[in-house]
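# An overview of the molecular structure
The chain contents come next:
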Amino acid sequence: MEKIFINTPYTKSEILVGQSWDSVSELLPEAGVVILTDDNVLKLYGDSFPDVPVLSVTPGEVSKKLSVVESLAAKLMENGIDRSGFILAIGGGVVCDIAGFLAAVYMRGIRCGFVSTSLLSQVDASTGGKNGVNLGSTKNMIGTIRQPEFVVCDPSMLSTLPDDEFLSGLSELIKTAVIGDKDLFEIIENSRKEILERDSDMLTMLITQAVSFKSRVVTEDEKETGLRRILNFGHTFGHAIELQRGIKHGFAVASGMELATEFSCEIGLISSDEKNRIISVLNYFNLLEQQYITESEMEKLIVHDKKKTGASIHFVFTEGIGKATVKKITVSDILDFYKRFRQKR
Ligand SMILES: NC(=O)c1ccc[n+]([C@@H]2O[C@H](COP(=O)([O-])OP(=O)(O)OC[C@H]3O[C@@H](n4cnc5c(N)ncnc54)[C@H](O)[C@@H]3O)[C@@H](O)[C@H]2O)c1
C-alpha cells in the first residue's frame, strides 16, 4: 500500500493507494458518520458498507446540482448530524464532488473522507480537494477547495467498472502523463494490454504515479493561482464537448487533449512525432469519438468557461510529452484555431 500526503497551509490529507476498502471503518470516528454513495455502487458494494446511515443519489452527472445538495443536507439534519459529523463518500467522481461540497458547506463545514471507486476518481477527481456541482449547463460552477481527510483507492473495486467508465478514467491518466510524467507515458505506451486487462499491480502502480504527481502540484498551488492550472490540459475544449454532446468526462477530455496537442504543434511547442504519439495512445484506447461540436456551440460554451478572465483564457499547451505550459490567450485565438482544425477534418 502506498501512502501519499497532501500538506497545505491549512490541511493534511492522505491518499492510500492499494489499501483494501473494507478496512475503511478503522479510519472513521466512532459516531456521527453518514455514507454518501450512488445507486450503482450501493447495489454492488452496499452489503459490505460500514453499519451507518446511507444516503444514495442517482448515478451520474445528473446528480451534480444544488437541489440534490439541498436535499442531502436536509437528510443529514434528519439523521441528527451536527458539527462533529463525518461524511464518507463511497463512489466515483460525481459522488466525491458532491460529498466534498456538502461536507464543506453543511454547518459551515464538517469532516469527510472518500473511498474512491472509479478509475477516473482514483487517478484524478478525488485528489486535490476540488469539489462542487454544475450550474445549469456550466460544469463545476459552484464549489470549494477543501481536502478530504483521507482517500482510499482500492484497485480491486475497478473490476466491476463498466468498460466505457474504465476508458474514461484512462483518459485522465494519459493527461497526467502528457503534462507531467514522461516515464508514465512510456509505461502506458508499452503496457496497453496489461492496462486493458486491469492487471491489479499495474493499476496500483499507475494510480500511485498519477496521485503522486497531482499531490505535488496541489501541495504547491492548492488554490489554482499558477501551476495547478496545468491539470486543466484538454479541459477548455473538453468541457464544452462534454456539455454539448453529453459524453463521458474522460472521452470529452480526450478530444480536448487532441485539440490542445494539435494547437501546441501548430504553434511549434511540440514536434509532429510527439503529437502523433499522444494521439496514437488516445486512439488505441478508443477515446477519440470524433464528437466535435459546431463552431458556434464551441464559442457559446467557451465564453461561459469559468476559467475565462475577461476576453482571455489560461489555455494549457503541451511542450513535449511530460511537460505543460499555460498561456493566456484570447477566446478568439482559440476559436480561430478550432475553425482551422474543423476545416482540416
Ligand atoms: N474534483 C476534481 O478535481 C475532479 C477532477 C476530474 C473530474 N471530476 C468530476 O468527476 C466526475 C466524473 O467522475 P466519474 O467518471 O467517476 O463519474 P461517476 O461518479 O458518475 O462514475 C461513473 C459511473 O461508474 C459507476 N461506478 C463507480 N464506481 C464503480 C465501481 N467500482 N463499479 C461499478 N460501477 C461504478 C457510477 O455509478 C457511475 O455510473 C465529473 O463530474 C467530473 O467533473 C472532478
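Residues numbered from 1 in each chain as written. Predicted model: local features only at pLDDT ≥ 70, side-chain atom pairs only at ≥ 80, totals over all residues.

What follows concerns unusual backbone geometry. Despite not being glycine, E224 shows a phi value in the positive range, around 55°. Checked against the element boundaries, E224 lands in the loop between α8 (200-220) and α9 (235-245). One non-glycine residue, N286, adopts positive backbone phi at about 55°. (Helix = DSSP H or I, 4+ residues; strand = E, 2+ residues; numbered from the N terminus.)

In this section: the pairing of strand β2 (residues 12-17). In this structure, strand β1 (residues 2-7) lies alongside β2, joined through six bridges in antiparallel fashion. Within β2, the residue paired with E2 across the bridge is V17. Hairpin connection between β1 and β2: a loop of four residues separates the two successive antiparallel strands. In this sheet, strand β9 (residues 150-153) lies alongside β2 in parallel orientation, the contact comprising four bridges. By the bridge assignment for β9, E14 is matched with F150. (Pairing = 2+ DSSP bridges.)

Attention now moves to the pairing of strand β4 (residues 54-57). Across four bridges, the pairing between strand β3 (residues 33-38) and β4 is parallel. Its bridge partner lying in β4, I35 is registered against V54. Following the backbone out of β3, through helix α1 (residues 39-45) and into the adjacent parallel β4, one traces a crossover that is right-handed. (Right-handed = clockwise from strand over helix to strand, strands pointing away.)

At a minimum axis separation of 7 Å, helix α5 (residues 163-180) and helix α10 (residues 249-266) run at an interaxial angle of 35°. As for the relative orientation of α5 and α10, their crossing is left-handed in sense. Across the interface between the two elements, L167, S168, G169, L170, S171, E172, K175 and V178 of α5 pack against H249, G250, F251, V253, A254 and M257 of α10. Here the residues of the contact of α5 with α10 are counted per class, giving seven nonpolar, five polar and two charged. (Axes fitted to C-alpha atoms, helices over the stretch in contact; angles between N-to-C directions. Left-handed = near helix turned anticlockwise from the far one by under 90°. Contact = placed C-beta atoms within 7 Å. Nonpolar A, V, L, I, M, F, W, Y, C, P; charged D, E, K, R; others polar.)

Our next topic: the domain arrangement of the protein chain. Taken domain by domain, the protein chain consists of domain 1 (2-161) and domain 2 (166-344). For domain 1 versus domain 2, the separation of C-alpha centres amounts to 25 Å. Opposite the 28 residues of domain 1 that make contact, domain 2 presents 29 residues. Contributions of two or more residues to the side of domain 1 that touches domain 2 are made by β1, β2, α4 (119-125) and β8 (138-142). Considering each element in turn, the side of domain 1 that touches domain 2 owes the most residues, five residues, to α4. Of the residues in the side of domain 1 that touches domain 2, the class split is 13 nonpolar, 12 polar and three charged. (Domains from an automatic or database assignment.)

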